[in-house]
Structures are given as C-alpha cells and as structure tokens.
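The primary structure of each chain is shown beneath.
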Amino acid sequence: MLINKTNFLRIVGIGASAGGLEALNQLLPLLKPDAHTVYIIAQHMARDNHIDLVLRLLKRHSTIPVVVATQNDLLVADQVFLIPAGVTGVVIEQGRLQLIPIASDDISSPSINALFKSIAQHARQHGIGIILSGAGTDGLSGCHAIKAAEGKVIVQSVASSQLGGMPGAVISANLADEILLPKQIAQWLNNEADCSQVSTSAAASSAKLNLDDAEIFQQLLQTVLAATGSDFCAYKEETLLRRLNRRMATLKIKSLLDYQIYTKKNPDELHELQHQFLISLSSFFRDSESFAALKQYVNALLKDKADGSSIRIWVPACASGEECYSWTMLLAEALGSRFSDYSINVIGSDLNAQAIAAAIQGRYPQAAVRDIAPDILERYFDHDGQYFSVKSYIRQACHFHVEDVVNSHLLEQVDAISCRNLLIYMKSELQDNLIKKFYDFLVPGGLLFLGQSESIGLIGNTLFLPLDYYHRIYRRKKFNK
C-alpha cells in the first residue's frame, strides 16, 4: 500500500479517449481536496497532439492543481497528473510515476490498461479506475486487475459519452461498480472520501474496531452463516470489513449497529452481504503470461498419459467458468486431434450459485473475450450476435457445481488444481488447511496453479516443489504423508 505520511494514498486512474476532454471538464471542477487522493489521467492523444493545449483546458476547469507528469514524479495527494503523449505512465515502488516510451506503430497513447494494472498492483483496495468516453477497449483488462485487487471501477454512462466503446466494454464485462454521468462521478469520489471517516472504513482490521463493533461484526458473520450456510469466520477481517463498509456506504448507513438493525428488518440483506463477501471474478486466460508458462508443464503431464486415460482438473472458486474453459482449451491445444481420445473432466466449484449458472451456460458478452487471441476465439467459440458461446465439446468436458472449497469433496484425485486469488482472502490457518487438502486431492506429481500474489507457506513447501515460482506453478511431491 502506498503511504502519504500518516494517511494511505488513494490512487484514482482516469482513462479517456475521444470525448474524454469534455467529460473531464465536467468532472474536475467538482472534485474536493481531501488530503489523501491523487489523480492520474491517461487521455489518448496522437503523438503530434499539443499537450500544452490539453493542459490549459484542464487547468482552466480543475479545482485541484493539474501538472504534466514527468519521469519519477512522486505521487502526492490533491494533485492531478496528466500523462503526456508518446509514453505510457505506470505507478512504481515508493509511490512514483514511471514513463515508458511506446512502440513506433502505436496510434495513440498512453495505455490505460498499463496504468490501471500498475494501480491495482501498488494501491490494491485503495485503487480506483474510471473509464470515460472513447472508442475501442483500452482499459478493459486494467479494470479486471483493479477489481481483482479489490479496488473500484467507475464508468461514464454510454448515453452521456461521445463514443461509448470503452465504457460499454467495461459495462458488458460486468466490471462497473457504478455507471454515472461525469458530474456524478465527481460526487461519488467526494462521497467515497467522506466515507473514509466512518469508523468501519478507518478500521483496516478487526483489531481496530472497538469492542462493541467487533462483537457486532462477529454476530453478523454468524447470522450470515445461519441464513446462507456460508462461513466467513476464517476469512481475513480486513477484506470482509472493506466489503461490508462499501455495502453500508451504498445504503448510507454509518454504524455497524445500525446495519445490524437493518438486517433484522430486511432479512434478504444477509444474502446480499454474502454476495458482497464472495469473490466471483474471473477472465479467460487470466494473467496470460502465467498461462503461457503453464503450458510446458501441462504438456509434460500429458506425456505420461496413455491414450484413453482420464485427465481431471479442479478449479475451486471458479466464478463464472472462464478459468475452467481456459484449462480445457489449453488441453485441446496440447492434444489436438487426440482430445476426444481422453476422458477429460474439468471440475468447477463456487459458492455463488448465480456465477455457476452462468458458467454452465458458457455464453459470454463480446467484451469478455476481446483479450483472447483471434485463432483461439475462432477455434473454441461460436459467435452469437453480441455474445460468444463456448463450443459444445469444450463445455461438455466441464462440470460445475455449487460448493464451498472449505467443505469440498472429490471422488477421485485430480491431475491439476487451479486455485487463483482465493488464498489471499483467507487467514493463515485456513490457507494451510487448503494447501493440505490440495495435496490430498492431487495425484503424486500433480500440478498446483496459484495467483501471483499467493504463496504456499511453510507447510506447502514440505508438500510441493516449485516449478515456476514467479508464476506460482508447483508440483505435488510424490511421497505419502
């Protein structure tokens, strides 16, 4: 987390293209200084665009100082940094900006995706991505990264955009937390800053809650368990509190006691809270470099498989199924015409019944598949208007069910487990228990694929060998416990 003296630094990335200046000139005048928010604008500009003119237009309307970003700028609160044309700006360690020259054949710059991904990495839950008017899909994968890091994504409404391609892509991918007019975006940012003064937001963990609030928080977890069957007691309180606080802010409720009273009057709210706690975010070939690194180990695994044998993969916390289908396509690429010669079973499980229903359908909006290589898209999807459906033989290899990973049971051991960006939300004891469970569920020599922010811990190091530490690919040791 980036720190600004005694307060955290909230980093707001704003991505825009054609029509973006008009939206910015409506948004910037309404922003209020709050001593802990910095703004970075990635406005697409041709190389010969006049940065001085853009700067003057923005400074004329902004209530917060606007400067052109330079190499190694230190990010400070209550300032707007405008990334110049011809470079891409990213956030790096120690809260600084790095400017990277773009390729000679790039039409416009800077890259919104690169900026947003760096914000996700360094600001995590304190990162916010805002997509304004523009054509194309720049910003889509960056919004995926911000959501995965528990940040927020705000999108200008398509109706108010001069060009709706960029906002529409994020909306179609179900990544937008809010869809607003530019003036409403400024109001949302100001209100979100005000909400940081609420006690639950200021508390980064249960240790910072007073005794009464800590007791109410635990009671809420028990009530959610009783109402939904989902036990979040072993999840990190920091994560749950952030999501609870956001729900309270939406309802304009300022204390845990008032929220508890609200749940008693509105029992359905407990199911909404369960959905807020659940992590139901995925994408095809998420972290494409990691999937590329995985390919060689999958190929090695398949070499030991005789024709006609079974290949079993388990994807716990599979959300809407993209990871399961990505694995199946990976197997199809490796096996080619021999794909049908094997009994392939990719098992996806998740607590979110709505996500599982979407996974079973295997039908995704155009924005969800835009980062897939064209040849893969052609081979494994059927085009259906504004949607793409996974081909039937790929779907038939995948089987989905509603299940909590903590209480999961498999009838047979599996060759690989892909559990990515779930362990980071759990306490160390539960992490260790799941690592042991993964060991038991894997065949000797089976693969374990984790998210890049996760580790297997001390216990995991006794059970697994690292094959690629950077991409978090491990192999189950062959001894029996």
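This section reports on the structure supplied with the text. (Residues numbered from 1 in each chain as written. Predicted model: local features only at pLDDT ≥ 70, side-chain atom pairs only at ≥ 80, totals over all residues. Heavy atoms only, no water.)

## Some details on the overall build of the protein
A count of helical and extended segments in the protein gives 18 helices and 21 strands. Seen through its principal axes, the protein has C-alpha atoms that stretch 70 × 60 × 40 Å. Classification of the 481 residues of the protein by burial places 54% in the buried group. For the protein, the proportion of contacts with a sequence separation of at least 24, taken over those separated by at least 6, is 72%. With an accessible surface of roughly 20900 Å², the protein has 50% of that area assigned to carbon and sulfur atoms. Looking at the protein, you have 44 positive and 48 negative side-chain charges, and the mean spots of the two groups are 2 Å apart. (Helix = DSSP H or I, 4+ residues; strand = E, 2+ residues; numbered from the N terminus. Buried < 20%, exposed > 50% of the residue type's maximum accessible area, 1.4 Å probe, protein only. Contact = heavy atoms within 4.5 Å. Areas by Shrake-Rupley, 256 points an atom, 1.4 Å probe, with all protein chains shown as cover. Lys, Arg positive; Asp, Glu negative; His and termini not counted. Charge placed at Lys NZ, Arg CZ, Asp CG, Glu CD.)

## Remarks on unusual backbone geometry
Of note in this structure, Asn421 is not a glycine but carries a positive phi near 60°. Assignment of secondary structure puts Asn421 in the loop between β18 (414–419) and α17 (428–441). The residue Arg472 is not glycine, and still its phi comes out positive at about 60°. The class of Arg472 is buried, set by a relative accessible area of 11%.

## Overview of the environment of Ser340
Looking at where Ser340 falls in the secondary structure, it is placed in the loop between α13 (322–335) and β13 (343–350). Overall, the relative accessible area of 63% leaves Ser340 in the exposed class. Residues Ser340 and Tyr393 lie 53 residues apart in sequence; the distance between their C-alpha atoms is 8.9 Å.

## Digging into the packing of aromatic side chains
For the coordinates displayed, the defined rule picks out 14 aromatic pairs. On the basis of an interplanar angle of 80° and a centroid distance of 4.9 Å, the ring pair of Phe284 and Tyr364 is categorised as edge-to-face. Of this pair, Phe284 sits in the loop between α11 (269–277) and α12 (288–303) while Tyr364 sits in strand β14 (residues 363–365), placing them 80 residues apart in sequence. There is no split in this pair, since Phe284 and Tyr364 are both buried. Summarising the aromatic geometry, the rings of Tyr325 and Phe400 are spaced 5.6 Å apart at their centres and angled 65° between planes, so their arrangement reads as edge-to-face. (Phe/Tyr/Trp six-rings, centres within 6.5 Å; stacked < 30°, edge-to-face > 60°.)

## Focus on the pairing of strand β12 (residues 310–316)
Along β12, 6 of the 7 residues are buried, which leaves the element largely enclosed by surrounding structure. For β12 and β13, the ladder comprises 7 bridges, and the chain directions are parallel. Bridge pairing in β13 links Pro316 to Ser349. Traced from β12 through α13 to β13, the parallel crossover comes out right-handed. Pairing of β12 with β18 involves 2 bridges; the strand directions are parallel. By the bridge assignment, Ile313 is partnered in β18 with Ala416. (Pairing = 2+ DSSP bridges. Right-handed = clockwise from strand over helix to strand, strands pointing away.)

## A short note on α12
Here α12 is 16 residues long and its end C-alpha atoms lie 23 Å apart, about the 22 Å a rise of 1.5 Å per residue gives. A maximum bend of about 30° is found in α12 at Lys295. Turning to α12, its buried residues number three or more, namely Ser290, Phe291, Ala293, Leu294, Tyr297, Val298, Leu301 and Leu302. Its buried side turned inward, α12 meets β12, α13, β18, β19 (442–450), β20 (464–468) and β21 (473–476). (Expected span 1.5 Å × (residues − 1). Bend = angle between axes of the 7 residues up to and from the residue.)

## Let's talk about the pattern of salt bridges
Under the defined criterion, the tally for this structure stands at 15 salt bridges. A salt bridge links Asp415 to Lys305, with the shortest nitrogen-to-oxygen separation between them at 2.8 Å. Residue Asp415 is found in strand β18, and its partner Lys305 is found in the loop between α12 and β12; the two are separated by 110 residues along the sequence. By relative accessible area, Asp415 is classed as buried at 7%. Each of the salt bridges in this network shares a partner with another, and the network as a whole consists of Lys147, Lys152 and Asp177. (Salt bridge = Lys/Arg side-chain N within 4 Å of Asp/Glu carboxyl O.)

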